[in-house]
Amino acid sequence: MRLAGWGRVCAAETLACRPERLREVAAALAATPSGGIIARRGGRSYGDAALNGAGRTLLTRRLDRLLAFDPESGLLAAEPGVTLGELVRIFAPRGFLPPVVPGTGFATLGGAVAMDVHGKNHDRAGSFGDHLAWLDLMGPSGEVRRLAPGEPLFAATVGGAGLTGVVTALALRLVRAPAAVGVRERRIGDLDGFLAGLAEARATATYSVGWIDALARGRGLGRGILETAEPVEAPPPAPARGGLAIPCEAPGWLLNKASVAAFNVLYRRRVPRGGGRERVVPVARFFFPLDALCAWNRLYGRAGFHQFQCVLPDAHAETGARRLLETVAKGRPGAFLAVIKTLGGEGRGLLSFPMPGVTLAFDVPRRGGAEALLDACERIVRDAGGRVYLAKDARLSAAAFAEMYPRLEAFREALAIADPNARMGSDLARRLRMREP
Amino acid sequence: MTTWVVLGASSSVARAFARAAAAAGHDLVLAGRDGEDLGRSAADLSVRFACAADVVPFDATDYHGHAAFAERIGRIEGEIAVALFFGVMHPQACVDADVALARRTIAVNYLGAVSVLAHLAPVLEARRGGRIVAVGSMAGVRGRLSNYVYGSAKAGLAAYLQGLRARLWRAGVPVTTVVAGFLDTAMTFGLPGMFLVATPEAAAARILAAAERGREVVYVPGFWRWIALVLRLVPERLFKRLAI
């Protein structure tokens, strides 16, 4: 079966299985070929994290059951194939939300563990792994162990890119929250304005995220829209219309600097100058803005695209972000739109992405020069002491990875105990030499 | 209030069916062999839909246990509806090489179904209410080179259901036969040559709707009715030469 990362730069021909019960998961692990096995469900990792060309891929789509919910404490136990969008759909009407959601509702609980995902509220809420009461991990031997926060294997599994085994269930603390948010949007003129706005939002807003016109240069460098949002009690939102789907491959030239520059200007001008605008939207629309457009990755055409996401520590955030945006704005093929957020602290996982700082993310179409541009961005992030996010990455070098993730040695030690015979494996793990140097 | 008794409730279509029935406001009894797995499915139904969902052990080939099973089902209050989903399918080459596997195919798919339905029929008859839906297969439409032992069991099941339908019609209990084409299940995952495949959710919705309307026969997906028609029309002299 041919599988690809969401950016469609990476793809692999792989053997696949799709267990429907735990005993079938155990059987698949027992029959692992030499290239190992990796769990996959949503396919929303952009690069090669959920690809395993040398071995087998275990599709967790059918492991999608909710196992228990306690409305007193908000504790939910569920299987790994449940998507975060589904949780929002089921629990928002009951007054609960997942404490942390990434930018797409098609991401699953299993993937959220493997990448220790963060949302637009990281300063306040931390990342996904901070809200787990326990994890059931089926190790390569087929034995299920319940892991609690604090155990070494828990820390290796959260953010561990699926290499410690297959999560068969987990308990997540949902939070009481209304089903709508009041979103405030305002225009920001440049990068300094953004950093000041985000610094303020950190202290005052529940959710915050910025959209930067990555084509703007010079005095307009870093201009965009800052969105902040607060939960509001609102009448139940109208049921969502069926999403539009991108029916086929868009031609590669559709997204070019001219068309996107025009889009960016219009996108920015939706928001009035000065006071900006405020509106109330259902949480799903705020959390998952692109989900209404199914298969939006086809917009980039057959060649696909890279997504680059990094975090820059607060001390170097300003210089690092400026260098990145300059590099991207004048580079070829460049990027179109960047997303900027703040992160509050390190995650619990040994390979968790977050650190206190500013995170920037942008798409780079796969055209001539894309790789050189990504390498230049990687150097800037290394100089700033930052990190590249493995959920997005398809390009990082093993050396840079080891430098960016200082707890890698501890991860390798935990992995050597959990999976001594290297039964788990992925293209990402081999590229970054995650198991051993 | 109707309680749907789902036989072979671990399969993906049965799971989707149970969710569809629970979403429609019904209670569920999940019957099958893998108690741990069924427990997870029952928990899922009660968390999602706040319905009652019980697990009752059931083995299609434990014929002697079927009386006790039916007796237990008979204690359920309110209307009882039965959905039969269990089945096994082995590659024909394996079945040809191992007669025991051929016997087992018939034991589960045909004997098991007849045995449990024969025990449950009087329960529904006595109440003069409820309904039955059972999943047959396109394989039962005509004996084919690539799948004829499984096909013969499903053909037998189809004939049995025809008779049962006539009997239970007299008690006001509709019996629906599902003729399943390609469904995206564990049975068919990774098989070559699949086309017009339905998701478990789409199949389940169609099966539930047909059962609730008391339809006699329903093709799932619907287009397979025309494929079945063509299959039936090919003369036997030609059909035996086809490698399908």
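Scoring rules and cut-offs
Residues numbered from 1 in each chain as written. Chains lettered and ligands numbered in written order. Predicted model: local features only at pLDDT ≥ 70, side-chain atom pairs only at ≥ 80, totals over all residues. Heavy atoms only, no water. Helix = DSSP H or I, 4+ residues; strand = E, 2+ residues; numbered from the N terminus. Rg over C-alpha atoms; globule rule 2.2 N^0.38 Å. Buried < 20%, exposed > 50% of the residue type's maximum accessible area, 1.4 Å probe, protein only. Contact = heavy atoms within 4.5 Å. Areas by Shrake-Rupley, 256 points an atom, 1.4 Å probe, with all protein chains shown as cover. Lys, Arg positive; Asp, Glu negative; His and termini not counted. Charge placed at Lys NZ, Arg CZ, Asp CG, Glu CD. Phe/Tyr/Trp six-rings, centres within 6.5 Å; stacked < 30°, edge-to-face > 60°. Pairing = 2+ DSSP bridges. Axes fitted to C-alpha atoms, helices over the stretch in contact; angles between N-to-C directions. Core = buried A, V, L, I, M, F, W, Y, C linked by side-chain atoms within 4.5 Å. Buried area = accessible area lost by both parts, 1.4 Å probe. Salt bridge = Lys/Arg side-chain N within 4 Å of Asp/Glu carboxyl O. Polar contact = N/O pair within 3.5 Å; in protein donor to acceptor, adjacent residues only side chain to side chain. Parallel < 35°, antiparallel > 145°, perpendicular 65-115°, else oblique. Left-handed = near helix turned anticlockwise from the far one by under 90°. Nonpolar A, V, L, I, M, F, W, Y, C, P; charged D, E, K, R; others polar.

On to the overall build of chain B. Each helix and strand in chain B was counted, giving nine helices and seven strands. A compact globule built from 244 residues should have a C-alpha radius of gyration of about 18 Å, and chain B, at 17 Å, falls within 12% of that. C-alpha extents for chain B along the principal axes are approximately 55 × 35 × 35 Å. Among the 244 residues that make up chain B, the fraction classed as buried is 53%. Of the contacts formed within chain B by residues at least 6 apart in sequence, a portion of 74% connects residues at least 24 apart. Carbon together with sulfur atoms contributes 60% to the accessible area of chain B, which is approximately 10,800 Å² in total. Between the averaged position of the 26 positive side-chain charges in chain B and that of its 19 negative side-chain charges there is a distance of 10 Å.

Another point: the overall build of chain A. Along chain A, the regular secondary structure elements total 13 helices and 22 strands. For chain A, the C-alpha atoms occupy an extent of roughly 60 × 50 × 45 Å along the three principal directions. The buried share of chain A, taken over its 437 residues, is 59%. Sequence-distant contacts in chain A: of pairs separated by 6 or more residues, those separated by 24 or more amount to 74%. Charge centroids of chain A, computed over 58 positive and 42 negative side chains, lie 6 Å from each other.

It is worth spelling out the packing of aromatic side chains at this point. All names here are of chain A. Under the definition given, this model contains 24 aromatic pairs over all chains. With a centroid separation of 5.5 Å and 70° between ring planes, the pair formed by Tyr-207 and Phe-287 is classed as edge-to-face. Residue Tyr-207 is found in strand 14 (residues 207-213), and its partner Phe-287 is found in helix 8 (residues 283-287); the two are separated by 80 residues along the sequence. Given the relative accessible area of 9%, Tyr-207 is considered buried.

Residues and elements named next belong to chain A. The strand order across the open sheet formed by three strands is 3-5-4, and the pairing between neighbours is parallel. The open sheet has two edge strands with one neighbour each: strand 3 (15-17) and strand 4 (37-40). If you compare each strand with its neighbour and ignore which way they point, the axes differ by 25° on average. With four bridges connecting them, strand 4 and strand 5 (residues 56-59) associate as parallel partners. Bridge pairing in strand 5 places Ala-39 opposite Leu-58.

Moving on: the sheet that holds strand 21 (residues 357-365) of chain A. Residues and elements named next belong to chain A. If you walk across this open sheet you meet the eight strands as 17-13-15-14-20-21-19-22, and the pairing is antiparallel. Of all strands in the sheet, those bounded by a partner on one side alone are strand 17 (277-282) and strand 22 (387-388). Bridging between strand 19 (residues 305-313) and strand 21 involves nine bridges; their strand directions are antiparallel. Looking at the pairing, Cys-310 lines up with Leu-360 of strand 21. Sheet strands in contact with helix 9 (residues 317-330) are strand 14, strand 19, strand 20 (337-343) and strand 21, and its direction is about 160° off that of strand 19.

This part is about the nonpolar core. Ranked by internal contacts, the top residues of the largest apolar core, which has 105 residues, are Phe91(A), Phe128(A) and Met434(A). Element by element, the count of residues in this core is highest for helix 10 (residues 370-384) of chain A, at seven residues. Not counting residues up to four positions away in its chain, the partners in contact with Met434(A) are Ala161(A), Leu163(A), Leu351(A), Leu390(A), Phe401(A), Leu408(A), Phe411(A), Arg412(A), Leu428(A) and Ala429(A). Ala31(B), Ile73(B), Val123(B) and Leu157(B) belong to the second-largest nonpolar core, a separate cluster that totals 35 residues.

Counting residues at the interface gives 19 residues for chain B, matched by 23 residues for chain A. Where chain B abuts chain A, roughly 1,800 Å² becomes buried across the two surfaces, and 43% of that area is made up of carbon and sulfur atoms. Counting across the interface, chain B meets chain A through nine salt bridges. Two residues, Glu79(A) and Arg40(B), come together in a salt bridge whose shortest N-O distance is 2.7 Å. Along the contact surface separating chain B from chain A lie 20 residue pairs in polar contact (both at pLDDT 80 or more).

Turning our attention to the pairing of strand 10 (residues 144-147) of chain A. All names here are of chain A. As judged from the four bridges shared by strand 9 (residues 132-138) and strand 10, these two strands associate in the antiparallel manner. Bridge pairing in strand 10 places Leu-135 opposite Leu-147. Counted along the chain from strand 9 to the antiparallel partner strand 10, the turn is five residues long, and its residue Gly-142 has a positive phi close to 95°.

The next point concerns the environment of Arg72(B). All names here are of chain B. When you line up the elements, Arg-72 lands in helix 3 (residues 66-74). Each C-alpha atom of the pair Arg-72 and Ala-126 lies 15 Å from the other, and the pair is 54 residues apart in sequence. Ignoring any residue separated from it by four or fewer positions in sequence, one finds Arg-72 in contact with Val-55, Val-56 and Pro-57.

Throughout the structure, instances matching the rule amount to 41 salt bridges over all chains. The salt bridge involving Arg431(A) is made with Asp48(A); its shortest N-O contact spans 2.8 Å. One end of the pair, Arg431(A), is in helix 13 (residues 427-431); the other, Asp48(A), is in the loop between strand 4 and strand 5, and 383 residues separate them in sequence. Given the relative accessible area of 6%, Asp48(A) is considered buried. Between Glu185(A) and Arg277(A) there is a salt bridge whose closest N-O contact spans 2.8 Å. Taken together, the residues Glu185(A) in strand 13 (residues 180-188) and Arg277(A) in strand 17 connect sequence positions 92 residues apart. You can call Glu185(A) buried: its relative accessible area is 1%. What emerges from the salt-bridge pattern is a single network uniting Asp64(A), Glu86(A), Arg89(A), Arg15(B), Arg19(B), Asp44(B) and Arg48(B).

Residues and elements named next belong to chain A. With their axes 11 Å apart at the nearest point, helix 6 (residues 191-204) and helix 9 run at an angle of 135° to one another. Judged on the interaxial angle alone, helix 9 and helix 6 are oblique. Helix 6 and helix 9 meet at a crossing whose hand is right-handed. Residues Leu-191, Asp-192 and Leu-195 of helix 6 form the contact with helix 9, whose participating residues are Glu-318, Ala-321, Arg-322 and Leu-325. Grouping the constituent residues of the contact of helix 6 with helix 9 by class yields four nonpolar, no polar and three charged.

Function cannot be read off these values alone, since they describe shape.
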